[in-house]
Amino acid sequence: MKYINHSDKLKKILNAITAENLSIILDFDKTITSAKSPDSWDVTALLLNESCKEKLNQIYAFYAPKELDYTLKYSEKNEFMIEWYTKCMDLYYNCGLTKQKLEKAVEISSLDFRKGAKEFLQRSCTQNIPVIILSAGIGNVIKEFLKSNNCLHENIYIVSNFIEFNSDGTMKKFDNSKMIHTLNKTLKNHLPEDWGKKLTSRKYKLLVGDLCEDENMVPKEDWANTVKVGMLNANIEENLLIYRKIFDIVLTETDANFENWGW
């Protein structure tokens, strides 16, 4: 289904948008990729041993519902996210993740584009529109996936959790001060100055994400000039009203793609 909200705002922005005054901010996991794709954290663990995978599954089973629980207070959910990401990074490190394993995992994974996403990225490049992929996932996976699909275009900048490796390919201990998680991923916190200037010079923004918190990728003061598109992948009945308040366009089920926005 497709739900159009805030129609007056949408009409005003869509009548003013051009390739020269627009920038694009995208989430990655289950936004650029399909709802059925594994997320970049799971892909990273694909070639680890079964014991490590089981521990990751246990961590996921506890923390993933917290991420989708919109009854939790911000402070409480924030603590859960920090705990979740820290435990996963520590587990990768202790289980001997290497650069070679990670790159091979991306190659053999079932990561897949959401319908129309690959073509959308190509059009954005052709029109020279800056694209920021702002993800709480694993940046190495995002970069390798785009590269292997000939989509790592020069107009794209990736902001994410990049794992660093030693010269022999072994993983370095992750610096938690650089952590990007669901609640703190925003352009204000993580965008380098040169890309910040590129976006400042462009009045309008297109934001696409799959979680309510993704609206914060763009600062609140820019929301009036931002078209916000929400891909609602799960718990549709419970969360639809929340998403409709936040996003200008909400897409669910088979309509949740990059070809059915109506503009």
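Residues numbered from 1 in each chain as written. Predicted model: local features only at pLDDT ≥ 70, side-chain atom pairs only at ≥ 80, totals over all residues. Heavy atoms only, no water.

A.B. asks: Summarise the pattern of salt bridges; cite the residues concerned and give the values.
C.D. replies: Across all of its chains, the model carries 14 salt bridges by this definition. When the shortest N-O distance is used, the salt bridge between Lys9 and Asp248 registers 3.0 Å. With Lys9 in helix α1 (residues 7-16) and Asp248 in the loop between α10 (236-246) and β7 (249-252), this residue pair connects regions lying 239 residues apart in the sequence. Look at Asp248 and you get buried, because its relative accessible area is 1%. The salt bridge involving Lys115 is made with Glu259; its shortest N-O contact spans 3.8 Å. Here Lys115 is found in the loop between α5 (99-108) and α6 (117-126), whereas its partner Glu259 is found in the segment after β7, with 144 residues between them in sequence. For the residue pair Lys115 and Glu259, the accessibility class agrees, reading exposed in each case. Each of the salt bridges in this network shares a partner with another, and the network as a whole consists of Asp27, Lys185 and Asp214. (Salt bridge = Lys/Arg side-chain N within 4 Å of Asp/Glu carboxyl O. Helix = DSSP H or I, 4+ residues; strand = E, 2+ residues; numbered from the N terminus. Buried < 20%, exposed > 50% of the residue type's maximum accessible area, 1.4 Å probe, protein only.)

A.B. asks: An account of the packing of aromatic side chains is requested, with residue identities and associated values reported.
C.D. replies: A complete count under the given rule lists 13 aromatic pairs for this structure. Pairing Phe62 with Tyr63 gives two aromatic rings, centres 4.7 Å apart and planes at 85 degrees, and the pair type is edge-to-face. Judged by its relative accessible area of 43%, Phe62 falls in the partly exposed class. Over the face of the ring belonging to Phe62 we find Lys66, whose NZ or CZ atom lies 4.9 Å from the ring centre. Lying across the ring of Trp195, Lys198 places its NZ or CZ 4.0 Å from the centre. (Phe/Tyr/Trp six-rings, centres within 6.5 Å; stacked < 30°, edge-to-face > 60°. Lys NZ or Arg CZ within 6 Å of the ring centre and 35° of its normal.)

A.B. asks: So, the nonpolar core: which residues are in play, and what are the values?
C.D. replies: Among the nonpolar cores identified, the biggest contains 65 residues, and Leu26, Tyr92, Leu121, Ile133, Leu146 and Ile163 are the most heavily contacted of them. When residues in this core are grouped by element, the largest group, eight residues, is from helix α4 (residues 74-94). When neighbours within four sequence positions are excluded, Ile133 is seen to be in contact with Leu26, Phe28, Ile32, Ile142, Leu146, Ile156, Tyr157, Ile158 and Val159. (Core = buried A, V, L, I, M, F, W, Y, C linked by side-chain atoms within 4.5 Å. Contact = heavy atoms within 4.5 Å.)

A.B. asks: Any details on the sheet that holds strand β6 (residues 226-232)? Residues and values, ideally.
C.D. replies: The strand order β1-β7-β6-β5-β2-β3-β4 describes an open sheet built from seven strands, whose pairing is mixed. What marks the edges here is a single partner per strand, and that holds for β1 (2-4) and β4 (156-161). Recorded for the sheet is a direction-independent mean angle of 15 degrees between the axes of neighbouring strands. As defined by bridge partners, strand β2 (residues 22-26) adjoins strand β5 (residues 204-209) across five bridges and the pair is classed as parallel. Bridge pairing in β5 places Leu22 opposite Tyr204. Along the sheet, α1 contacts β1, β5, β6 and β7; its crossing angle with β6, the most-contacted strand, is approximately 115 degrees. (Pairing = 2+ DSSP bridges. Axes fitted to C-alpha atoms, helices over the stretch in contact; angles between N-to-C directions.)

A.B. asks: Lay out the confidence of the model for the protein chain in plain terms, naming residues and giving numbers.
C.D. replies: Per-residue pLDDT for the protein chain has a mean of 94; in total, 99% of the residues score no lower than 70. Mean pLDDT across the elements of the protein chain ranges from a minimum in helix α8 (residues 187-190), with 81, to a maximum in helix α7 (residues 139-148), with 98. (pLDDT = per-residue confidence, 0-100.)

A.B. asks: With reference to specific residues and values, describe the pairing of strand β3 (residues 131-138).
C.D. replies: The two faces of the sheet receive side chains in turn, since in a regular strand these alternate between them. Summarising burial for β3: eight of the eight residues are buried, a large majority. With three bridges joining them, β2 and β3 adopt parallel strand pairing. Along β3, the bridge assignment pairs Ile25 with Ile132. For β3 and β4, the ladder comprises five bridges, and the chain directions are parallel. Opposite Ile138, over in β4, you have Asn161 as the bridge partner. On the question of chirality, the crossover connecting β3 to the parallel β4 by way of α7 is right-handed. (Right-handed = clockwise from strand over helix to strand, strands pointing away.)

A.B. asks: Please set out unusual backbone geometry residue by residue, giving values where relevant.
C.D. replies: Positive phi outside glycine occurs at Asn128, with the angle close to 60 degrees. On the basis of relative accessible area, Asn128 is assigned to the exposed category, the value being 52%. With a phi close to 50 degrees, Asn235 is a non-glycine residue in the positive phi region. With respect to the secondary-structure elements, Asn235 resides in the loop between β6 and α10.

A.B. asks: So, the state of the cysteines: which residues are in play, and what are the values?
C.D. replies: A complete count under the given rule lists one disulfide for this structure. A sulfur-sulfur distance of 1.7 Å marks the disulfide that ties Cys52 to Cys95. Measuring handedness by torsion sign, the sulfur bridge of Cys52 and Cys95 sits at about -100 degrees and is left-handed. With Cys52 in helix α3 (residues 50-67) and Cys95 in the loop between α4 and α5, this residue pair connects regions lying 43 residues apart in the sequence. This pair shows no difference in class: Cys52 is buried, exactly as Cys95 is. Here Cys88 is not cross-linked by a disulfide; its sulfur's nearest cysteine counterpart is in Cys95, at 11 Å. By relative accessible area, which is 6% here, Cys88 ends up buried. (Disulfide = S-S within 2.5 Å.)

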